[in-house]
Amino acid sequence: MYDPVQLRTFLTVAQTLSFTQAAGRLGVRQSTVSQHVRRLEEATGRPLFARDTHSVALTEDGEALLGFARTILEAHERAAAFFTGTRLRGRLRFGASEDFVLTRLPEILEGFRHEHPEVDLELSVELSGVLHERLEEGRLDLVLAKRRGPGDERGRLVWRDRMVWIGAEGLRLDPERPVPLIVFPPPGITRARALEVLEGDGRSWRIACTSGSLSGLVAAARAGLGVMAHTRGLIPPGLVRVGGLPELGPVEFALLLGSRPTPAAEALAAAVLAGGDRLSRPA
């Protein structure tokens, strides 16, 4: 009833919220993406996306199909691997941004390890800027990290969102005083964006807390020490959006393979892309 190719297209559109971006990732025409979604909607008898000329959003039925689509595709891939007799082996060095520590990325990695028990998976959790450097130095095989900024189209887009200012509930900023910032150390991409935006708006700032750990930043923010820039869909519990500051703009997370991609790296990349919608949800 549900074609795996159409389901994969559906998941890609759900992750990117763009028919154009989905077509680019899948290497097909936008008309093909539209056709796959239309056929799925005919098969389910329900609209899966609410879309107009400016935006794409999942409907309630589209949200429901996400889980079914993942289950069907995972079963399909397990069957294909079993009957082709392919077994992946070797070392796989995977780096993930700290943004995903509290999401359902561990579920994706657990499923990958179950499917490929002979792959020695090594996980590094670091700042996106650090991960980019390590990948370029050949010290990682696959990276899931923020893109460096506008114009950076490297890798495979996994998820797009917006960055917002967050802080403790009830925090009030004095417009006459420098903005107290809670930031990662250099080369943090979020840090660079926050400073660039404030300086572009003519706002003075001061560093209230620096930590290489997301948990350290969150603790400082909960204590009311200042504000931090963060992905809108991943706001930690106990923190809320803070207004009165300039817009931070969009953020994109992408998968980047090393210069010599291995079959294991390609397989994990496919697993992350298939389950990309889980990355915008807390564990």
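Residues numbered from 1 in each chain as written. Predicted model: local features only at pLDDT ≥ 70, side-chain atom pairs only at ≥ 80, totals over all residues. Heavy atoms only, no water.

S.K.: Help me out: how do you make sense of the nonpolar core in this one?
M.R.: One recurring pattern in soluble globular proteins is that nonpolar side chains are buried together. Among the nonpolar cores identified, the biggest contains 40 residues, and Phe-94, Leu-105, Leu-144, Trp-165 and Leu-255 are the most heavily contacted of them. Counting only elements with at least two residues in this core, the list comes to strand S3 (90-97), helix H5 (105-115), strand S5 (142-146), strand S6 (156-168), strand S7 (179-183), helix H7 (189-200), strand S11 (250-257) and helix H9 (263-274). For this core, the element with the most residues is H9, which contributes 6 residues. In this structure, Leu-11, Val-13, Ala-14 and Val-33 belong to the second largest nonpolar core, which totals 18 residues. (Core = buried A, V, L, I, M, F, W, Y, C linked by side-chain atoms within 4.5 Å. Buried < 20%, exposed > 50% of the residue type's maximum accessible area, 1.4 Å probe, protein only. Helix = DSSP H or I, 4+ residues; strand = E, 2+ residues; numbered from the N terminus.)

S.K.: Looking at this model, I keep getting lost on H5. Mind explaining?
M.R.: Owing to its 3.6 residues per turn, the α-helix aligns residues three or four sequence positions apart on the same side. Of the residues making up H5, those classed as buried are Leu-105, Ile-108, Leu-109 and Phe-112. Along H5, the residues classed as buried sweep out an arc of 95 degrees about the axis, all on the same side. Across H5 from its buried face, at more than 90 degrees, point the exposed residues Glu-110 and His-114. (Arc of directions from axis to C-beta.)

S.K.: Whenever I open this one, unusual backbone geometry confuses me. Can you help?
M.R.: Negative phi is the rule for most residues except glycine; trans is the rule for most peptide bonds. In this model, Pro-186 is joined to Pro-187 through a cis peptide bond whose omega is 5 degrees. Here Pro-187 shows up in the loop between S7 and H7. In this model, Leu-17 sits at a positive phi of 50 degrees, which is unusual for a non-glycine residue. Tracing the backbone through its elements, the reader meets Leu-17 in the loop between helix H1 (4-16) and helix H2 (19-26). Its relative accessible area of 40% is what places Leu-17 among the partly exposed residues.

S.K.: Would you mind going over the pairing of S11 with me for this structure?
M.R.: Put simply, side chains in a regular strand alternate between the two faces of the sheet. Pairing between S5 and S11: 5 bridges, direction antiparallel. Of the residues in S11, the one forming a bridge with Ala-145 is Ala-254. Relative to S11, S6 is paired through 6 bridges, and the arrangement is antiparallel. Each residue of the ladder has a partner; that of Arg-162, found in S11, is Pro-250. (Pairing = 2+ DSSP bridges.)

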